[in-house]
Amino acid sequence: MSESGVFAFELGDELATRCGNTLTGVFVPGSRIALSAYRHVTHSSRDAPTETAGQDPVLIYMTQESTLFDEPVLRSVLAEANATFATLQQLGSRATRAEYVNISRAYRSIVRSCLEKLEQAKKSPEVQTDEARLQRLSDAIVVFYAAECLWHLFEILYIQSNQLVVPQLLDWARFHSPQAEDRATDLLLMGEEASESDDYWSIVRSLIMLGEIDITRALLSQNRKAGQTSFKAAEQILKSMPVYQEGYALQKFHSQWEFWHVDTERKIQSGLFATEPELEQLVQLVAGDNEQWDDGIKESQDFFEYLPGYLLFTKPTCKPFELKIAAANWLNRWCLLQPEKKQCAMNRMVSQLMDHDLKIFIYDAQKLNDTHWFSTHLIDLIHHCGQLKSYFDQNNIDLPALRHSMIYEYGSYLMTSHNMWQLGIDYLDCCKQEGQAAIELLLPRITLRSERQATKLINLARQRGLTSVEREICKVLSKRSYDNERYGNALEWAIRSKDVLLVTAVADFILKHYSKTGCMLCPDTIANVGGRMFASPRLVFLSKYFEFYEFYRNRDFLSASELLVNLLESKITPDYFWPSLLIDSMPLLESKDPKIFAKETVAILHHIETDLVPIIERNVSKYGKHHSETVFKDYRVENVDEILNLLRLACARNLARALIIENTMPVV
């Protein structure tokens, strides 16, 4: 384990091991791994190059997990789901069941829309020529198809909580097995010729096993033999089949359905359909004949494909608790008839839902390659609707803690992902103190691409009282502006960061640049600093010196002189700026009409001797006499001795003039 408390792990690498090193990986923030070569070094280790030194490039790799959401087509899913998530948080636990069902359908609508976009994108020429992207889109279709299928089933069984589930299960099966219905549409357009198609009877069988009675009747009515007695009888059987309507007396429906079922079996046994074997098999399916349904099971891809249709013809009033037994029996039957097929994750999770094994279902849902999108939003919906609270209590599962953990992980993932940080904040906001701490850690790590984005980040930090984050972002922007030679922006962001050292550094640069070139950088920014100058003593000096600079430019010499003397007395003048400040006093000292009085002139002379001269002497003792000119960075100075003499002479002259004027009595 490293000193920072982050676990390091070793990887086998040919180059590293050949050189006696180990390729070491360390997890870093943002779902990344930093890989580098490592060799254990002690105080007795010899620091010598290896035999292969310089022969191979040495690199440090930064690897990051790739997710489905790296694909631009899929990012709309995150944004739309985020809006639905926010709506659910507003509803809270006080909403009606209908409102929770609407939220669930909104999530499913997002996924269905995404699947349509993926199918369209997959057919585009640029994707067809890019095998890697084609594979990513294909993987995404598989994942989101599974997510929608499982969510839909969960909604039927646990959110809608209907007493009878067969009608809803039929809709669910039809949507997730659309091939037969699509082919039936083509056959219907063919008219009577459809019955001559090779797959006519196989499609009709599939439709019956999916519970598509109306489409089956339409196809049978187009058959060339539709006028025969057997076809008319089949049509009458399908037409007269009782369908349970909500509010209808259950006992009365059972008696009607039982009468219809007995009548159908009687017609089959009478040999009414013997002349048409395919039609007879079809009616046998309707009657629930196990042999015919076994043949259908052998043709199915998933165990649940024909289960709702079977229930429609054998147990149309199946209740949720009865579904558990029916699904278990059907799964066993499917496994016996298709022993070569292994049960995929999708089949297993559908079985878990029907078996009311939600604990294992949630565990498996987190394994979907969707960065926990499905499991996080589903658990959040379960938590709010509250209908499964007793189940989680009985199984000793802390549902609020589970929800908190999953939302926290999902929000943290979004915060560390490209262009998705803003969505992540909404999720972390639901995690109270832990979420606030995560936002405080992750916000400063977001790559700043523009000042507009930075302003948005600062506002988010300010809304949450994260002053340290706000200051950190301002510091980053200040340094970036400085590197880009945008010194006004650098100063502005430095002031907003309230970092004394950073503000001092930028102000120092501006002052030094002025002393070297005579050009004042970013005058507009400095002029508008105002009361914020107190962020740093150096900024106070810069602001006041700029004020003096403006007075002098506008030929307001008396105000300039007063401010200059105040700056000399302020004790905040940096050492490197003393020469420039004293040189600025020379034109005012040489003025025929004294602008600086005797007392102030003496003070200037005092500063020359007590501040400037010691600086020069220290510089000479450090670098030698020939380097004494390095003290002066002012663009107006070339010779040290000459400027000192000129300053002293200017002070003497101004002092003489000032004393004469100040001590001369006015003429009465």
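Analysis parameters
Residues numbered from 1 in each chain as written. Predicted model: local features only at pLDDT ≥ 70, side-chain atom pairs only at ≥ 80, totals over all residues. Heavy atoms only, no water. UniProt positions renumbered as here; feature names shortened; annotations may be inferred. Axes fitted to C-alpha atoms, helices over the stretch in contact; angles between N-to-C directions. Helix = DSSP H or I, 4+ residues; strand = E, 2+ residues; numbered from the N terminus. Parallel < 35°, antiparallel > 145°, perpendicular 65-115°, else oblique. Left-handed = near helix turned anticlockwise from the far one by under 90°. Contact = heavy atoms within 4.5 Å. Nonpolar A, V, L, I, M, F, W, Y, C, P; charged D, E, K, R; others polar. Buried < 20%, exposed > 50% of the residue type's maximum accessible area, 1.4 Å probe, protein only. Core = buried A, V, L, I, M, F, W, Y, C linked by side-chain atoms within 4.5 Å. Domains from an automatic or database assignment. Phe/Tyr/Trp six-rings, centres within 6.5 Å; stacked < 30°, edge-to-face > 60°. Lys NZ or Arg CZ within 6 Å of the ring centre and 35° of its normal.

Under the annotation held in an unreviewed UniProt entry, the protein chain carries the name Nuclear pore complex protein Nup75 and is attributed to Drosophila simulans. For the record of the protein chain, the UniProt heading Subcellular location (unreviewed entry) holds the text "Nucleus, Nuclear pore complex". Its UniProt record gives the protein chain the following Subunit (unreviewed entry) comment, quoted word for word: "Component of the nuclear pore complex (NPC)."

**Q** Break down the packing of helix α10 (residues 229-240) against helix α12 (residues 277-286) for me, with residues and values.
**A** Following both chains from N to C, one finds α10 and α12 inclined at 20°, their axes separated by 11 Å at the closest point. When the interaxial angle is binned, α10 and α12 end up roughly parallel. Crossing handedness for the pair α10 and α12: left-handed. Across from Ser230, Phe231, Ala234, Ile237 and Leu238 in α10, the residues of α12 making contact are Leu279, Val283 and Val286. Considering only residue class, the contact of α10 with α12 consists of seven nonpolar, one polar and no charged.

**Q** Can you lay out the side chain of Ser561 for me, pointing to particular residues and giving the numbers?
**A** Residue placement: Ser561 occurs in helix α29 (residues 557-569). What makes Ser561 buried here is its relative accessible area of 2%.

**Q** So what's going on with the nonpolar core? Which residues, and what values?
**A** The nonpolar side chains of a soluble globular protein tend to be buried with one another. Counting residues in each nonpolar core, the largest one holds 121 residues, and the members touching the most others are Phe154, Trp373 and Phe374. In terms of residues, this core owes the most to one element, helix α5 (residues 131-159), which gives 15 residues. Looking at this core, you find at least three residues from each of domain 2 (70-161 + 366-397) and domain 3 (167-318). Counting residues in hydrophobic clusters, the runner-up holds 53 residues, among them Ala490, Ala494, Phe546 and Ile583.

**Q** Pulling in residues and values, what's your account of the packing of aromatic side chains?
**A** Tallying each qualifying case throughout the model produces 36 aromatic pairs. Centre to centre, the rings of Tyr107 and Trp151 are 4.9 Å apart; their planes meet at 45°, and the pair counts as tilted. Here Tyr107, found in helix α3 (residues 97-123), pairs with Trp151, found in helix α5; they are 44 residues apart in sequence, far enough to count as distant. Taking relative accessible area as the criterion, Tyr107 reaches 0% and is therefore assigned buried. The interplanar angle of 75° and the centroid separation of 5.5 Å between the aromatic rings of Tyr552 and Phe557 together place this pair among those described as edge-to-face. Ring pairing ties together the aromatic residues Tyr514, Phe541, Tyr545, Phe546, Phe548, Tyr549, Tyr552, Phe557, Tyr576 and Phe577, which thus form one cluster. For Arg112, the ring lying beneath its charged end belongs to Phe175, and the centroid distance is 3.5 Å. Its end group placed over the ring of Tyr576, Lys512 keeps NZ or CZ at 5.0 Å from the ring centre.

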